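Structural characterization, general
Listed below are the residues making up each chain.
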Amino acid sequence: MNAMTRECGRSRRAFLKAGVAAGGGLVLHAMLPRFAYAAPNEPAYPPLNAFIRIAPDGIVNIMSKNPEIGQGIKTMLPMVIAEELDVAWSNVRVEQAPLDPAKFGRQFAGGSMATPLNYEPLRRVGAAGRLMLITAAAQEWAVEPSECRTEPGFVLHPASGRSAAYGTLASKAARLPVPDPKRVPLKDPKDFRIIGKPIPGVDNPKIVTGQKLFGIDVTMPGMVYAVFQKCPVFGGTVNSANIDQIKKQPGVIDAFIVRARDANPGSDPQGASDGVAIVAKNWWLADRAREKLQVSWDEGPFATQSSDGFAKEAARLAQENPASYLRRDGDVAIALARISHSSRRPSAVLQFLESLQVLTSPRHVTGWMGRKTDCFLPLLHRTAVGR
Amino acid sequence: MPYTIQVNGVKRTVDVDGDMPPLWVLRDELDLKGAKFGCGIGLCGACTVHVDGTAVRSCSLPVSRIGSSTVVTIEGIAADPVGRKLQAAWLAIDVPQCGYCQAGQIMQAADLLSSTARPTDADIDSAMMGNVCRCCSYTRIRAAIKKAALMHRAEAE
């Protein structure tokens, strides 16, 4: 957990620093590339920025940049953009952004940092979009932008009574220069219509009707399925396996040893693992062939580790002075010595069980191999899994 | 060998090994991805579907055992009045968090409500204990089941 906190702290600094480096545009300069993202089959109207596309009919497509793992972030981050863009939530469609930190800023789940890191930057993303729409309307009406205001989905010019829907302004607005995010006006929080209101999860309708949503639901034309048997010990390697027998199992297309440790030498337990891949025409047949798999493993340097060993080592270390102090209030030894009778001295051994942060969804990835390989997988970080 | 099973009211023929569990027939042969693969050994409930109206773990029986039974999945549960109420209650109470287990939760809850019109907390806990939720959405699941039961009773009266 300490490692994660440090990671997040460093990430936050890096995030802000990157923005300053972008010439005073803060994070947003980096977060507002033009025409940044083109999804397959995307309609041919230009986005206002990496996060916002407004269709001619006023439907607003907002990219949600972080991994959703049940914390609600896929709904929450677009709410912030929609608030400052000033659109009705009912007209918002949320799309999961691909992994591309250069376009979207840091994308990870873990550490409860998404709101502090993104709240103001994404308000400014929305506000910059709103200002571009106002500017587009003002140019069309030959009035000052400062004379215009917005109501959800519309730019208004109160002095003349004119109004224009965002959908009719979006193409023109998308051709305007991106405003300096530091200078875009933000709403007074008392005028919020979306932030602070209970908004149901955007994926709920898909979830309760069983539509495809999760990484494990991805299919590709002609795809085949593989299972990957890793060594039961972190960092172990394969001596040999009964590959020829596995290749003869029903439905099996191929089977082979993966020598990942050659590319990832050393003993990093989180690095790529050696193992045996079994490829079959469906996942169940691949998994059934695995029941016949016999591997001779070299279990490597961690083979002798065990929960008992960890407990003993922890007990030994607890007798030593701490390697470092996270916090020190007073002096425990002196305070304990002041307690006159030893039977009144508090004493306890506190232990945490080793536990994995596992999800119900098994680890999986779908790859589409062309000139480059596109991967579809649930990611918490680049190195871990979520939805 | 070919098996013909009735899924969500439609007869579907698949050419698979008779040992293949319905979960994989549904997901990979029929492209119905609603039932989820969690543990593969009937411990998590994410793969729950109905066979002849009863909630079963679709990962843990062979497709050859389905025979002429009717299979209903989350994709087809809206055809059932109780299932439709559960979906509406799930949306009204904003139950899902990550959502991975929720298809199984709804299918299990539909089985409960088909036999128990006024489930108590104990009824719900007992019926739902085999459906685990990594996000711990249990209190909202319980509230949504009660709401769906209420909606269903109101319609029946």
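Counting restarts for each chain: residues are numbered from 1 in the order of the written sequence. Whichever chain is written first becomes A and whichever ligand is written first becomes 1, with later ones labelled in order. Whole-chain, interface and lining totals are the exception, using all residues; otherwise, since this is a predicted model, local features are given only for residues with pLDDT of at least 70 and side-chain atom pairs are given and counted only at 80 or more.

**As for the overall build of chain A**
- By the criteria applied, helices consist of DSSP H or I runs no shorter than four residues and strands consist of E runs no shorter than two, each listed in order from the N terminus. When its secondary structure is counted, chain A shows twelve helices and 13 strands.
- The buried share of chain A, taken over its 387 residues, is 31%.
- Sequence-distant contacts, at least 24 apart, represent 67% of the contacts inside chain A between residues at least 6 apart. Exposed residues have 12 or fewer other C-beta atoms within 10 Å of their own C-beta, buried residues have 20 or more, and residues in between are partly exposed; the C-beta atoms are placed from the backbone. What counts as a contact here is a pair of residues whose C-beta atoms, placed from the backbone, lie within 7 Å.

**A few points about the overall build of chain B**
- What chain B contains, in helices and strands, is five helices and five strands.
- Starting at the N terminus and walking to the C terminus, you meet the elements of chain B as β-β-α-β-β-β-α-α-α-α.
- Over its C-alpha trace chain B gives a radius of gyration of 15 Å, about what one expects of a compact globule, namely 15 Å for 157 residues.
- A sequence separation of at least 24 residues applies to 63% of the contacts in chain B between residues at least 6 apart. This radius of gyration counts C-alpha atoms alone. The globule rule is 2.2 Å times how many residues there are, raised to the power 0.38.

**Description of the confidence of the model for chain A**
- On average, chain A scores 83 in pLDDT, and the residues at 70 or more come to 83%.
- Across the chain, each position has a pLDDT score giving the predictor's confidence in that residue, from 0 to 100. A low-confidence stretch, residues 383-387 of chain A stays under pLDDT 50, and its non-local contacts, those more than four residues away or across chains, total 19 contacts.

**Things to note about unusual backbone geometry**
- Positive phi values are uncommon outside glycine, yet A:Ser112 reaches one of about 55 degrees.
- Within the element layout of this structure, A:Ser112 appears in the loop between α4 (101-104) and α5 (114-141).
- For A:Ser112, a count of 9 C-beta atoms within 10 Å corresponds to the exposed category.
- Of note, B:Asn8 is a non-glycine position whose phi angle comes to about 50 degrees, a positive value.
- The topology assignment puts B:Asn8 in the loop between β1 (2-7) and β2 (10-15).
- Judged by local crowding, B:Asn8 falls into the buried class, with 21 C-beta atoms found within 10 Å.

**As for the nonpolar core**
- Ranked by size, the top nonpolar core spans 69 residues in total, and within it A:Ile278, B:Trp90, B:Ile106, B:Met107, B:Ala109, B:Ala144 and B:Ile145 carry the most contacts.
- A per-element tally of this core places helix α3 (residues 102-115) of chain B first, with seven residues.
- Look past the residues within four positions of B:Ile145 in its chain and what remains in contact with it is B:Ala109, B:Leu112, B:Pro119 and B:Ile124.
- For this entry, the nonpolar core is defined as buried Ala, Val, Leu, Ile, Met, Phe, Trp, Tyr and Cys residues connected by C-beta atoms within 7 Å. Of all hydrophobic cores here, the second largest spans 40 residues; its members include A:Leu48, A:Ile52, A:Ala174 and A:Val202.

**A word on helix α10 (residues 283-290) of chain A**
- All of the buried residues along α10(A) are A:Trp284, A:Leu285, A:Ala286, A:Arg288 and A:Ala289.
- Packed against the buried residues of α10(A) are β7 (225-230), α8 (243-247), β9 (252-258) and β10 (275-280) of chain A together with α1 (22-29) of chain B.

**Examining the sheet that holds β10(A)**
Residues and elements named next belong to chain A.
- We treat two strands as partners when DSSP finds at least two bridges between them. Taking strand neighbours across the sheet as the criterion, the three strands line up as β7-β10-β9 in an open arrangement whose pairing is antiparallel. A single partner strand is all that each edge strand has here, and the edge strands are β7 and β9. Sheet twist, expressed as the average angle between the axes of neighbouring strands with direction ignored, equals 15 degrees.
- Alignment of β9 against β10, held across six bridges, turns out to be antiparallel. Residue pairing for β10: Phe 256 is matched across the bridge by Ala 277. Angles shown run from 0 to 180 degrees and are taken between the N-to-C directions of axes, each axis being a line fitted to C-alpha atoms and, for helices, limited to the stretch in contact.

**What to know about the packing of α3(B) against helix α5 (residues 138-156) of chain B**
All names here are of chain B.
- Direction vectors running N to C along α3 and α5 enclose 45 degrees, while the axes themselves pass 11 Å from each other. By the angle between their axes, α3 is oblique relative to α5. In the packing of α3 onto α5, the handedness of the crossing is right-handed. Between α3 and α5, the contacting residues are Gln 105, Ala 109, Leu 112 and Leu 113 on the first element and Ile 141, Ile 145, Ala 148, Ala 149 and His 152 on the second.
- Ten residue types, Ala, Val, Leu, Ile, Met, Phe, Trp, Tyr, Cys and Pro, are classed as nonpolar, four, Asp, Glu, Lys and Arg, as charged, and the remainder, Gly among them, as polar. The residue inventory of the contact of α3 with α5, partitioned by class, reads seven nonpolar, two polar and no charged. If an angle is under 35 degrees, it is roughly parallel; if it is over 145, roughly antiparallel; if it lies from 65 to 115, roughly perpendicular; otherwise it is oblique. Note on convention: near helix rotated counterclockwise from far helix by under a right angle means a left-handed crossing. Clockwise means right-handed.

**A closer look at the pairing of strand β13 (residues 373-376) of chain A**
All names here are of chain A.
- In terms of strand pairing, strand β12 (residues 366-369) meets β13 through four bridges, oriented antiparallel. By the bridge assignment, Trp 368 is partnered in β13 with Asp 374.
- Hairpin geometry of β12 and β13 is characterised by an intervening segment of three residues between the two adjacent antiparallel strands.

**Looking at the packing of helix α2 (residues 81-93) of chain B against α5(B)**
Residues and elements named next belong to chain B.
- Packing of α2 against α5 leaves a shortest axis separation of 8 Å and a crossing angle of 130 degrees. Looking at the two axes, α2 sits oblique to α5. With respect to the hand of their crossing, α2 and α5 are arranged in right-handed fashion. On α5, the residues touching Pro 81, Val 82, Lys 85, Leu 86, Ala 88, Ala 89, Trp 90, Ala 92 and Ile 93 of α2 are Arg 140, Ala 143, Ala 144, Lys 147, Ala 148, Met 151 and His 152.
- Counted by class, the contact of α2 with α5 contains twelve nonpolar, one polar and three charged residues.

**As for helix α11 (residues 307-318) of chain A**
- The span expected for a helix works out to 1.5 Å for each residue beyond the first. The first and last C-alpha atoms of α11(A) sit 16 Å apart over twelve residues, in line with the 16 Å expected at 1.5 Å per residue.
- With respect to burial, α11(A) is a largely exposed element, only zero of its twelve residues being buried.

**Quick notes on the sheet that holds strand β3 (residues 48-51) of chain B**
Residues and elements named next belong to chain B.
- Strand order across the open sheet formed by five strands is β2-β1-β5-β3-β4, with mixed pairing between neighbours. Looking at strand neighbours, the two that pair on one side only are β2 and β4 (54-57), the edges of this open sheet. Pairwise comparison of adjacent strand axes, ignoring direction, gives a mean angle of 40 degrees for this sheet.
- Bridge count for β3 against β4 is four bridges, and the pairing is antiparallel. In the sheet register, Val 49 faces β4, and the bridge partner there is Val 56.
- Each of β3 and β4 touches α3; the most contacted strand, β3, lies at about 35 degrees to it.

**Quick word on the environment of B:Asp52**
All names here are of chain B.
- By the secondary structure assignment, Asp 52 is in the loop between β3 and β4.
- The spatial distance from the C-alpha of Asp 52 to the C-alpha of Ile 66 is 9.4 Å, given a sequence separation of 14 residues.
- Residues in contact with Asp 52, not counting those within four places in the same chain, are Ser 69 and Thr 70.

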